Amino acid sequence: AQSVTQPDIHITVSEGASLELRCNYSYGATPYLFWYVQSPGQGLQLLLKYFSGDTLVQGIKGFEAEFKRSQSSFNLRKPSVHWSDAAEYFCAVGAWGNQFYFGTGTSLTVIP
Amino acid sequence: DAGVTQSPTHLIKTRGQQVTLRCSPISGHKSVSWYQQVLGQGPQFIFQYYEKEERGRGNFPDRFSARQFPNYSSELNVNALLLGDSALYLCASSFFPSRQGFTDTQYFGPGTRLTVL
């Protein structure tokens, strides 16, 4: 069965520090992987996606993610976090029929 | 270009009532999906419609139904509301051309916050 695990419920980092959010997926076929960000009370904004090809993908707002098939992971990274990055981050796998499975999310707090 | 739009923004209903939520996809997108996001959780898939046909359904009771119109907009209906239906309901659209495979990027609207009292 398809599933996504985000092991870290909440992460706190200082502004300017690097960030890595973990995502592990379970899917029988080639995964289509996504990272979305959600600000309080808002919808989901697409940060980046992986369909095929280069395993390191670049997204908006300086984010990048690396697909590692051997580890079933798709971790999100940013070299220097800004206070405006504080939000909820969701990893998702796109399955057959365009049905997306989301993780439970990681809440990011940024300390000035 | 306009993104996905949803209406209403907020809605308060009482148990047993019925509710209809509306969604307009990005221009040119033919697929609409609905998700339920309970507070503190990730979105859960409810329905996917493509070219006015239901193409997928999540693990939700028959109280939940949806349809897609010729202009690709969509409605989600929930009957006999329960307290547990309180959530943010998200609509997502995608182009989803069949020649490109079975998964396409989904773009989400701002959601409708439903509160059931």
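Quick note: structure is the one above.
This section reports on the structure supplied with the text. (Residues numbered from 1 in each chain as written. Chains lettered and ligands numbered in written order. Predicted model: local features only at pLDDT ≥ 70, side-chain atom pairs only at ≥ 80, totals over all residues. Heavy atoms only, no water.)

Next up on the list: the packing of aromatic side chains. Inspection of every chain in the model, using the stated rule, returns 17 aromatic pairs over all chains. The interplanar angle of 85° and the centroid separation of 5.2 Å between the aromatic rings of Tyr36(A) and Phe108(B) together place this pair among those described as edge-to-face. Of the two residues, Tyr36(A) is situated in strand S5 (residues 32-38) and Phe108(B) in strand S10 (residues 107-108); the pairing between them involves two chains. The exposure class assigned to Phe108(B) is buried, which follows from its relative accessible area of 10%. On the numbers, 4.5 Å between centres and 25° between planes, the contact of Tyr50(A) with Phe67(A) is stacked. With Tyr50(A) in strand S6 (residues 44-50) and Phe67(A) in strand S8 (residues 64-68), this pair connects stretches of sequence that are 17 residues apart. Taking the relative accessible area as the measure of exposure, Tyr50(A) reaches 5% and is therefore buried. The ring of Phe51(A) carries Lys49(A) above its face, with NZ or CZ at 5.3 Å from the centroid. (Phe/Tyr/Trp six-rings, centres within 6.5 Å; stacked < 30°, edge-to-face > 60°. Helix = DSSP H or I, 4+ residues; strand = E, 2+ residues; numbered from the N terminus. Buried < 20%, exposed > 50% of the residue type's maximum accessible area, 1.4 Å probe, protein only. Lys NZ or Arg CZ within 6 Å of the ring centre and 35° of its normal.)

This part is about the interface of chain B and chain A. Each partner contributes to the interface: chain B provides 23 residues, whereas chain A provides 23 residues. Carbon and sulfur atoms supply 54% of the area that chain B and chain A bury against each other, a total of about 1,800 Å² over both sides. Counting across the interface, chain B meets chain A through zero salt bridges. For the interface between chain B and chain A, the tally reads four residue pairs in polar contact (both at pLDDT 80 or more). For the side of chain B that touches chain A, the elements supplying multiple residues, two or more each, are strand S4 (31-37), strand S5 (44-50), strand S9 (87-94) and S10 of chain B. By residue number, the principal contributor to the side of chain B that touches chain A is S4(B), which donates four residues. For the side of chain B that touches chain A, a count of residues per class yields 10 nonpolar, 12 polar and one charged. (Contact = heavy atoms within 4.5 Å. Buried area = accessible area lost by both parts, 1.4 Å probe. Salt bridge = Lys/Arg side-chain N within 4 Å of Asp/Glu carboxyl O. Polar contact = N/O pair within 3.5 Å; in protein donor to acceptor, adjacent residues only side chain to side chain. Nonpolar A, V, L, I, M, F, W, Y, C, P; charged D, E, K, R; others polar.)

With that settled, the discussion passes to the pairing of strand S7 (residues 64-68) of chain B. Residue and element names in this part refer to chain B. Of the two faces of S7, only the one carrying Phe64, Ala66 and Gln68 is buried; Ser65 and Arg67 on the other face are not. Summarising the sheet, S7 and strand S8 (residues 74-78) pair through five bridges and their orientation is antiparallel. Residue Arg67 lies in a different strand from S8, and its bridge partner there is Glu75. (Pairing = 2+ DSSP bridges.)

Here we take up the nonpolar core. Leu19(A), Trp35(A), Leu47(A), Leu48(A), Phe74(A), Leu76(A) and Tyr89(A) are the most contacted members of the largest nonpolar core, which totals 28 residues. Secondary structure elements with two or more residues in this core: strand S2 (10-14), strand S3 (19-21), S5, S6, S8, strand S9 (73-78), strand S10 (87-95) and strand S12 (106-111) of chain A. Considering every element that reaches this core, the biggest residue donor is S10(A), with five residues. Core analysis: the second largest hydrophobic core is formed by 22 residues, Val32(B), Tyr49(B), Phe64(B) and Leu81(B) among them. (Core = buried A, V, L, I, M, F, W, Y, C linked by side-chain atoms within 4.5 Å.)

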